[in-house]
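Inside the fold
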Amino acid sequence: MMRSTPARRIGLATAAVMILIAGAACGSTGTEPTAGHSMPPTPASASPTPAAEKPANRDDVAFAAMMIPHHEQAVWMSDTLLAKQGLDPEVKALAEQIRAAQQPEIDTMKRWLEEWGTPPDHSQMDHGDDGGGMMTPEEMRELRDETDAGQAQRQFLEAMIKHHQGAVRMAQAEVEQGKNAEAIALARTIIATQQEEIATMEGILDRL
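Notes on the structure follow. (Residues numbered from 1 in each chain as written. Predicted model: local features only at pLDDT ≥ 70, side-chain atom pairs only at ≥ 80, totals over all residues. Heavy atoms only, no water.)

1. A few points about the packing of helix α3 (residues 58-82) against helix α7 (residues 181-207)
Packing of α3 against α7 brings their axes to within 11 Å, and their N-to-C directions diverge by 40 degrees. Taken together, α3 and α7 sit at an angle that is classed as oblique. Viewed along their axes, α3 and α7 form a crossing whose handedness is left-handed. Residue-level contacts link Asp 60, Phe 63, Met 67 and His 71 of α3 to Ala 183, Leu 186, Ala 187, Ile 190 and Gln 194 of α7. Taken together, the residues that form the contact of α3 with α7 break down as six nonpolar, two polar and one charged. (Axes fitted to C-alpha atoms, helices over the stretch in contact; angles between N-to-C directions. Helix = DSSP H or I, 4+ residues; strand = E, 2+ residues; numbered from the N terminus. Parallel < 35°, antiparallel > 145°, perpendicular 65-115°, else oblique. Left-handed = near helix turned anticlockwise from the far one by under 90°. Contact = heavy atoms within 4.5 Å. Nonpolar A, V, L, I, M, F, W, Y, C, P; charged D, E, K, R; others polar.)

2. Some details on the pattern of salt bridges
Tallied over the entire structure, the rule returns seven salt bridges. For Asp 145, the salt bridge goes to Arg 144, with nearest N and O atoms at 2.8 Å. The exposure class assigned to Asp 145 is partly exposed, which follows from its relative accessible area of 47%. Here Arg 154 makes a salt bridge to Glu 158, at a shortest N to O gap of 3.8 Å. Note that Arg 154 and Glu 158 are positioned in helix α6 (residues 149-177) at a spacing of four residues, about one turn of the helix. Classification of Arg 154 by relative accessible area gives partly exposed; the value is 26%. Overlapping salt bridges bring together Asp 88, Glu 90 and Arg 207 as one network. (Salt bridge = Lys/Arg side-chain N within 4 Å of Asp/Glu carboxyl O. Buried < 20%, exposed > 50% of the residue type's maximum accessible area, 1.4 Å probe, protein only.)

3. Regarding the packing of aromatic side chains
Scanning the model with the defined rule gives one aromatic pair in all. The interplanar angle of 25 degrees and the centroid separation of 5.8 Å between the aromatic rings of Trp 112 and Trp 116 together place this pair among those described as stacked. A residue pair is termed a helical-turn pair when its members lie 3 or 4 positions apart in one helix, as Trp 112 and Trp 116 do in helix α4 (residues 89-116) at four residues. Owing to a relative accessible area of 2%, Trp 116 belongs among the buried residues under this scheme. (Phe/Tyr/Trp six-rings, centres within 6.5 Å; stacked < 30°, edge-to-face > 60°.)

4. Structural notes on the environment of Gln 172
Within the element layout of this structure, Gln 172 appears in helix α6. For Gln 172, a relative accessible area of 34% puts it in the partly exposed group. Non-local contacts of Gln 172, meaning those with residues more than four positions away in its chain, are made with Ile 191 and Gln 195.

As structure tokens, this is what we get:
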């Protein structure tokens, strides 16, 4: 076993002091999400807030703020279709899968916005030229009022493919520009999951 020498003890003590000084300096930056820090700020308090532990930039905030209503519409679309009778079993299972996956993601993103202390900035909520693939109010009414199950599920699949394509583009932008590790991880999950579901829906449409 190695004996601790005076020089070694001084070195360790110096390192500890420098860590404390660095922590205090970083803590003075606050907990507001910024895009300029290369490393997340370390708060001086013993109990850091969730926002300080999970820094986010404007792209992370915009991603969550836009994806929440986008996901909410997908859940609405799924609920609306599932309320109809005579659905193809594979279409029904897909709608249930989408609803089950996206509602927890909505809850997670809402929590992030609360933790970041950044309510949605509606000036940032631009889903792109195609509206992020979201259904128009008229298309939503048509899906809701359609009484023929075969026609309703075709409307659902065609609309959901565009909807997913929009979500994938939004998620790809978050991967490229975001800072928050959890938000980027969710974006990667959305890309993988929804690309797979797009392929499934295109296959179902081919056989219907």
